[in-house]
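This is what each chain is made of:
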Amino acid sequence: MGPRVTRRHVVQQILRGRSKEPVREQGIGRAPVNIALCKYWGKRDAELNLPRNSSLSVTLPGMEVEMRVEVSGEGRDEVVLEDNRLPQDEAAFQRVVEYLDLFRGAKGLRFRVESRSAVPPAAGLASSAAAFAALVRALDALFGWELTPRELSILARLGSGSACRSIFQGAVVWQAGRRRDGMDSFARPLNIVWPEFRMGLVLISTAEKAVGSRPGMNHTVETSPLYSRWPAVAEQDLQRMLAALEGRDMGALGGLAESNALCMHATMIAARPPLLYWEPKTVSAMKRVWAMRQEGRRVYFTIDAGPNLKLIYPVEEARVVREVFGEVREFAPLTESASCS
Ligand code: DP6
């Protein structure tokens, strides 16, 4: 075992020989929200956000975050979300500032970061993955680095693990990798075109969750007696999901995504103390999905570290999904224009 690899080492390695000075007034970057079908849950390295298992997601077309970065005229960092300046004691402010610490160079540059999101707060979607991916793209533009998508993905991962997937569009795999420096842990797009594939958001609650996914996954790894099974289950699910995607097999893909999400939640529920993100309405929505399947409908769900469900179904089921769930916000993540970057 050599010395521990830090985020700073990784950044130095990627930016070696590249500009330390901004090449333009302002850098602008955009990136979409992604929803995992095979979940990232648990880290082998918390500093570098290196996962214990590979994962698979789809991006939601139109659900983008835009970031603008410039050198601050005020000599200190400013983070402005939708025209609201974040107070310095806010966790989100500190997370962005710690990330910016990696890019200040010898001059100790301070930045002004402005974020705008097309993700309505009422959609119940966490947009931090999109935000870090957009921020990396904005920094790349500001400094004129012209990084490759793979390098952008690695840098985005240092901000939030799932952000490495938001560098790409459509169906995206994040390979866990084995290296200690994480240079083999990045996402890649699968370029799967499957116009019939739908994801529908069932909103249960938009209240901020008590435990975020970062502390939630760390607590699960540390205390859940069921966690040790998870990485192997997820790797196997992923291989089967890739085959189902390749074969455009909705039944196989939806079923695997649903059981993968439930398996992740089982590890959390078994944590000590337990971690349960579900509300009573979450459970009744799950039961409605299962009742639909009993009637032969090809409707499945996935669920992240929160109470809201994301339905997975082919377009033929869209009408009945609306009948059962009312207005769901529906996405077609794998149409040609949505899935090719
Ligand atoms: C349940 O990427 O938010 O959404 O790496 O600590 O920032 P950090 O965690 P984060 O975790 C996402 C967890 C998940 C599953 C997934 O998106 O794969």
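Check the entry above for the structure.
Just so it is clear, the structure is predicted and the values come from calculations on it, not from any experiment. (Residues numbered from 1 in each chain as written. Predicted model: local features only at pLDDT ≥ 70, side-chain atom pairs only at ≥ 80, totals over all residues. Heavy atoms only, no water.)

Participant: Sorry if this is basic, but what is going on with the environment of A285 here?
Facilitator: With respect to the helices and strands, A285 occurs in helix α8 (residues 280-294). Once residues lying within four places of it in the same chain are set aside, the contact partners of A285 are I204, L309 and F325. (Helix = DSSP H or I, 4+ residues; strand = E, 2+ residues; numbered from the N terminus. Contact = heavy atoms within 4.5 Å.)

Participant: Hey, could you run me through the side chain of E151 in this one?
Facilitator: Considering the arrangement of structural elements, one finds E151 in helix α4 (residues 149-159). The exposure class assigned to E151 is buried, which follows from its relative accessible area of 19%. Other than its neighbours up to four places away in sequence, E151 contacts I14 and R18. (Buried < 20%, exposed > 50% of the residue type's maximum accessible area, 1.4 Å probe, protein only.)

Participant: What is the right way to look at the packing of aromatic side chains in this model?
Facilitator: The geometry of an aromatic ring pair is captured by two quantities: the separation of the ring centres and the angle between the planes. Under the criterion given, the structure shown has eight aromatic pairs. Judged by centre distance (4.7 Å) and plane angle (65°), the ring pair of Y40 and W174 falls under edge-to-face. Placement of the pair is Y40 in the loop between β1 (26-38) and β2 (43-45) and W174 in strand β8 (residues 171-174), with a sequence separation of 134 residues. Judged by relative accessible area, which is 9%, Y40 ranks as buried. Overall, W174 belongs to the buried group, its relative accessible area being 0%. On the basis of an interplanar angle of 75° and a centroid distance of 5.2 Å, the ring pair of Y99 and F132 is categorised as edge-to-face. Residue Y99 is found in helix α2 (residues 91-100), and its partner F132 is found in helix α3 (residues 128-143); the two are separated by 33 residues along the sequence. Side by side, Y99 and F132 carry an identical accessibility label, which is buried. Three or more aromatic residues link up through ring pairs in this structure, and these residues are Y99, F103, F111, F132, F143 and W145. (Phe/Tyr/Trp six-rings, centres within 6.5 Å; stacked < 30°, edge-to-face > 60°.)

Participant: It is not clear to me how the site of the ligand should be interpreted in this structure. Could you clarify?
Facilitator: Residues in close proximity to the ligand total 17 residues, the closest being Y40, K43, S160, S162 and R214. If the ligand stood free it would expose 460 Å²; the protein chains cover 93% of that surface. When residues of the shell around the ligand are assigned to their parent elements, the largest contribution, three residues, is made by helix α5 (residues 213-223). Split into classes, the residues belonging to the shell around the ligand amount to six nonpolar, five polar and six charged. (Near = heavy atom within 4 Å. Areas by Shrake-Rupley, 256 points an atom, 1.4 Å probe, with all protein chains shown as cover. Nonpolar A, V, L, I, M, F, W, Y, C, P; charged D, E, K, R; others polar.)

Participant: I'm lost on the pairing of strand β10 (residues 197-202) in this one. Help?
Facilitator: Side-chain positions along a regular strand alternate between the two faces of the sheet. With six of six residues buried, β10 lies mostly within the body of the structure. With burial as the criterion, each face of β10 is covered, one bearing F197, M199 and L201 and the other bearing R198, G200 and V202. Pairing of β10 with strand β13 (residues 329-331) involves three bridges; the strand directions are antiparallel. Considered in β13, the bridge of L201 is made with R329. (Pairing = 2+ DSSP bridges.)

Participant: I'm lost on the sheet that holds β10 in this one. Help?
Facilitator: Backbone-to-backbone hydrogen bonds pair the strands of a sheet. The strands run either parallel or antiparallel. Spatially, the four strands line up as an open sheet ordered β11-β12-β10-β13, and their pairing is antiparallel. Either end of the sheet is taken by a strand with one partner, and the two such strands are β11 (300-303) and β13. Taking the axes of each pair of neighbouring strands and ignoring which way they run, one obtains an average angle of 25° across the sheet. Most of the contacts of helix α7 (residues 250-269) go to β11, to which it runs at about 35°, and overall it touches β10, β11 and β12 (309-314). Together, β10, β12 and β13 form the strand contacts of helix α9 (residues 318-325), whose direction differs from that of β12 by roughly 150°. (Axes fitted to C-alpha atoms, helices over the stretch in contact; angles between N-to-C directions.)

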